[in-house]
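Architecture and fold: a report
As a plain string of letters, each chain reads:
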Amino acid sequence: MEAKQLSPRSVHITTFGCQMNTYDSSRIMAICEELGFVSEADPSKADLILINTCSVREKPVHKVYSVLGSFKHLKRKNPGLILGVAGCVAQQEGKKLLDQVPYLDLVMGPKAIEDLPELLQDAASGKRRSHTPNTNPILGLKAAVTRQPGLKAMVTVMQGCDNFCSYCVVPYVRGREKSRPADAVLEEVAALTAGGAREITLLGQNVNSYRDPESGAGFAELLAVVARVPDLWRLRFTTSHPKDLSPSLIEAMRDIPQLMSLLHLPAQSGSDRILKAMNRGYTRAGYLERVARLKKEVPDAALGGDMIVGFPGEDEADFQLSMELVRQARYDFLHSFIYSDRPFAKARKMEPKIGDKVKKRRLAELQDLQRDISLELHTAQVGKMEEVLVEGSAKKGQGLVTGRTRAGRAVNFAGGPELVGSLVQVEITEGRINSLMARQVDQGGST
Ligand code: SAH
Ligand code: SF4
Ligand code: F3S
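Residues numbered from 1 in each chain as written. Chains lettered and ligands numbered in written order. Predicted model: local features only at pLDDT ≥ 70, side-chain atom pairs only at ≥ 80, totals over all residues. Heavy atoms only, no water.

A count of helices and strands for the protein gives 13 helices and 19 strands. Radius of gyration (C-alpha) of the protein: 23 Å, near the 22 Å computed for a compact globule of 447 residues. With the C-alpha coordinates of the protein rotated into their principal frame, the extents come out at 70 × 60 × 50 Å. Relative to its full complement of 447 residues, the protein shows a buried share of 55%. Put simply, 71% of the contacts in the protein that link residues at least 6 apart link residues at least 24 apart. In the form shown here, the protein has an accessible surface area of approximately 20,100 Å², with 53% of it arising from carbon and sulfur atoms. (Helix = DSSP H or I, 4+ residues; strand = E, 2+ residues; numbered from the N terminus. Rg over C-alpha atoms; globule rule 2.2 N^0.38 Å. Buried < 20%, exposed > 50% of the residue type's maximum accessible area, 1.4 Å probe, protein only. Contact = heavy atoms within 4.5 Å. Areas by Shrake-Rupley, 256 points an atom, 1.4 Å probe, with all protein chains shown as cover.)

Structure follows, in structure tokens:
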């Protein structure tokens, strides 16, 4: 009798959290593919489901439990299904997750991704395991994620964080900061551009403290060599910690043509008292000085920020200082968050806690203010000529394509799908809160 053709096993990955987690999910996928898995968008058809989790605030952690709950019936339907939790909640909770969720097969921390093959073997033989080592592995060439579909790809330059901002769980779940050898970064970028990527984002919790473990070269030097990789049109990076933002990085943004004019520089608060309690290592004046330097050297740069409202002890005057900082920095985009207590983080024990009602009101005020600023800044773009990397058809509106300017601003304009993947010159015609409208000023564009 002819042997029955076995269909390949399939894997579904659900990802929460920051770009670091998205990158880790591509690493996990690359390992699964090597093991013969194919990717499956529908979890109910998958043989392996992995939830890559985020623990930075309370809300995303709740989501993990509700997603796990929604997969419970799949386990009943398909007893061979392997269900796993990866990422920062895995690291934080470890074995507790196995105890609390009896239908869960494996728990894998972010530093254990390379051990996935072994973990899957154990899970298949019925051994439930929590694997959450404390040390970041060296992400050498072997760990390269050389296949990321599309025009845009991400490359990790460092893992972990040593800053211990008092509200933050990341240093505890991601471990000590470890820079990746520049050779491995370069090799990965080159493989990605050879595969069609044109825009690369270099990732780290605090890229400014990057140091090549082999040569000792800093981040600005890394940018200069990565920018020379053939067929790389655009290079960006995130996130920058204000305390480590060096003049050489701003000069790199001014001088390296491939480097996008975009800086995400979270302030977190505008009050020196709160910044100190947050252990951020800079003052309001120091922050604004860096912003001024950026605006002087790279006048068309887009600036992004993060702000936390309702940190323990934040009074109305502190909050108004944050509002004032936002007015002065004039962010293109601002991510604002309601403070939440995190495990291990020092601020957990700080008092007085701010009530929910106050936190929500402050968040709404900040967001209203930012909406006005975004609209003003975007309206001021009208009439400017910009180069847009076209990423795809616009979600809303037929016959429109969408892309980004060199400063990372989203632009929509009339055009067909043949423009996708090319650089197109446009004139900005309208500014909206979250995007710009434009018209094409030449035919086609370079590829
Ligand atoms: N390494 C990055 C940030 C990573 S976390 C940096 O330092 O910029 C992303 C954002 O989540 C932070 O910038 C902060 O604004 C927010 N955040 C982190 N911990 C938080 C908490 N406990 N409560 C509310 N927001 C928090
Ligand atoms: Fe968290 Fe601060 Fe590290 Fe960012 S720099 S990950 S906010 S500890
Ligand atoms: Fe979340 Fe972990 Fe990133 S806690 S923000 S997924 S580093």
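What follows is about the sheet that holds strand E11 (residues 234-238). Pairing is parallel across the open sheet formed by three strands, whose spatial order is E7-E10-E11. Each edge of the open sheet carries a strand with a single partner, namely strand E7 (152-156) and E11. Mean inter-strand twist for the sheet, computed between neighbouring axes without regard to direction, equals 25°. When strand E10 (residues 199-203) meets E11, the two strands line up parallel, connected through five bridges. Residue pairing across strands places Leu202 opposite Phe237, the latter belonging to E11. Against the sheet, helix H1 (residues 19-34) makes contact with E7, E10 and E11, and its axis sits at roughly 95° relative to E7, the strand it touches most. Set on the sheet, helix H8 (residues 219-226) makes contact with E10 and E11; between it and E11 the angle comes to about 155°. (Pairing = 2+ DSSP bridges. Axes fitted to C-alpha atoms, helices over the stretch in contact; angles between N-to-C directions.)

This part takes up unusual backbone geometry. Residue Thr239 follows Thr238 across a cis peptide bond; omega there is 0°. The step from Glu351 to Pro352 runs through a cis peptide bond, and the omega angle for that step is -5°. When you line up the elements, Pro352 lands in the loop between strand E14 (333-338) and helix H13 (356-379). Of note in this structure, Phe164 is not a glycine but carries a positive phi near 45°. Along the chain, the position of Phe164 falls in the loop between strand E8 (158-159) and helix H6 (170-174). The phi torsion at Asp231 lies on the positive side, around 65°, for a residue other than glycine. Examined against the element boundaries, Asp231 turns out to sit in the loop between H8 and E11.

Note on placement: His264 falls in strand E12 (residues 262-264). Owing to a relative accessible area of 13%, His264 belongs among the buried residues under this scheme. Of note is the side chain of His264, whose polar atom sits 2.7 Å from the side chain of Asp306. What His264 contacts, discounting residues up to four positions off in sequence, is Thr238, Thr239, Ser240, Gly304, Gly305, Asp306, Phe333 and His335. (Polar contact = N/O pair within 3.5 Å; in protein donor to acceptor, adjacent residues only side chain to side chain.)

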